[in-house]
Amino acid sequence: MYRDWTYWGKPVPGFGDPDARIVLVGLAPAAHGANRTGRMFTGDRSGDFLFAALHRAGLANQPTSVSRDDGLSLSNVFIVATVRCAPPDNQPSPEEIVQCQRFLDEELALLRNRRVLVALGAIGWDATLRHFERQGFAVPRPRPKFGHGARAQIEGAPLLLGSFHVSQQNTQTGRLTANMFDALVADAKRAAGVS
């Protein structure tokens, strides 16, 4: 299908508004999405769902993204990933997650205005809680449980919200609907003080 494309095929950095108050923590580049285009959630069905929602919420200037030079810009949102390279079978190993954690830490440190982190899926949720621990925040035991709409307010840390991942597996089965995700984005905007 993408035979004529020259694939990016290297670690994919985060992107968005450097002054963002809302940070989305994804899983990893999709093999034929970000691994091909070089920009998170760009050129795949997950991105189609995500960018349409961000556009409806007034956080993206357009509802689609097909390439890294298609003019998409985000307002008050930045997107990072737990893992930087496309993992085999779209399932990163624990070792890969550990190897990439310093990149997540460094990117989040640069986003000084962040107030809300939205974990897209359980892996993003766990990676964010581990990030909080590495930053010295007291994550309670037992750890806050992931779920769609889950909230974890850890003293001194940004608010953590959980969302089912915007994967095609979730959106086409109805596990995650546009209405569910729109409500979660609206909650993130309120909590971050974004109008």
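Check the entry above for the structure.
Report on the accompanying structure. (Residues numbered from 1 in each chain as written. Predicted model: local features only at pLDDT ≥ 70, side-chain atom pairs only at ≥ 80, totals over all residues. Heavy atoms only, no water.)

### Regarding the overall build of the protein
We count it as follows: Secondary structure elements follow DSSP: runs of H or I of four or more residues count as helices, runs of E of two or more count as strands, with numbering from the N terminus. When a residue's accessible area, from a 1.4 Å probe over protein chains only, is under 20% of the maximum for its type it is buried; when over 50% it is exposed; and in between it is partly exposed. Throughout, a residue-residue contact means that at least one pair of heavy atoms, one from each residue, lies within 4.5 Å. Each accessible area is a Shrake-Rupley result for a 1.4 Å probe, and residues are judged covered by the shown protein chains and nothing else. Within this scheme the basic residues Lys and Arg register as positive and the acidic residues Asp and Glu register as negative, but His and the chain ends are omitted. Just so you know, the charge point we use is NZ for Lys, CZ for Arg, CG for Asp and CD for Glu.
Each helix and strand in the protein was counted, giving six helices and six strands. Walking the protein from its N terminus toward its C terminus, one meets helices and strands in the order β-β-α-α-β-α-β-α-β-β-α-α. Counting only C-alpha atoms and orienting by the principal axes, one finds that the protein spans roughly 50 × 40 × 35 Å. Within the span of the protein, comprising 195 residues, buried residues form 51% of the whole. Nonlocal contacts in the protein, meaning residues at least 24 apart in sequence, comprise 65% of its contacts between residues at least 6 apart. Total accessible area computed for the protein in this model is approximately 9,500 Å², and 51% of it derives from carbon and sulfur atoms. Between the averaged position of the 22 positive side-chain charges in the protein and that of its 18 negative side-chain charges there is a distance of 3 Å.

### Notes on the environment of T173
Stated precisely, the cut-off is as follows: A 3.5 Å cut-off defines polar contacts: any pair of N or O atoms within that distance qualifies, except that in protein one atom must be a possible hydrogen donor and the other a possible acceptor, and neighbouring residues in sequence count only when both atoms are side-chain atoms.
Along the chain, T173 falls in the loop between α5 (168-171) and α6 (178-192). For T173, a relative accessible area of 60% gives the class exposed. T173 sits 124 residues away from F49 along the chain, and the two C-alpha atoms are 13 Å apart. Among the polar contacts made by the side chain of T173, one reaches the main-chain carbonyl oxygen of Q169 at a distance of 2.8 Å. A distance of 3.2 Å separates the side chain of T173 from the backbone oxygen of N170, its partner in a polar contact.

### Quick notes on the packing of aromatic side chains
Rule in force here: When two rings of Phe, Tyr or Trp (its six-membered ring) have centres within 6.5 Å they constitute a pair, described as stacked for plane angles under 30 degrees, edge-to-face for angles over 60, and tilted for the intermediate range. Any Lys NZ or Arg CZ found within 6 Å of a ring centre and within 35 degrees of that ring's normal is scored as a charge over the ring.
Taken as a whole, this structure holds five aromatic pairs when the rule is applied. On the numbers, 5.9 Å between centres and 90° between planes, the contact of F132 with F137 is edge-to-face. Here F132 falls in the buried class, since its relative accessible area comes to 1%. When its relative accessible area of 24% is taken as the criterion, F137 is described as partly exposed. Seen from the ring of F15, R39 lies directly overhead, with NZ or CZ sitting 5.0 Å from the centre. Above the plane of the ring of F164 lies R175, whose end atom (NZ or CZ) is 3.9 Å from the centre.

### Some thoughts on the packing of helix α3 (residues 94-110) against helix α4 (residues 122-134)
The geometry of a pair of packed helices is captured by two quantities: the angle between their axes and the separation between those axes. Let me state the cut-off plainly: To get an axis, fit a line to the C-alpha atoms, keeping to the stretch in contact for a helix; angles then go from 0 to 180 degrees between the N-to-C directions. For this classification, under 35 degrees means roughly parallel, over 145 means roughly antiparallel, 65 to 115 means roughly perpendicular, and everything else is oblique. By definition, turning the near helix anticlockwise from the far helix through less than a right angle yields a left-handed crossing, and turning it clockwise yields a right-handed one.
For the pair α3 and α4, interaxial distance at closest approach is 10 Å and the crossing angle is 70°. Considered as vectors, α3 and α4 are oriented roughly perpendicular to each other. Note that α3 runs across α4; the crossing there is right-handed. For the pair formed by α3 and α4, the contact residues are I97, Q101, L104, D105 and L108 on the first element and I123, A127, R130, H131 and R134 on the second.

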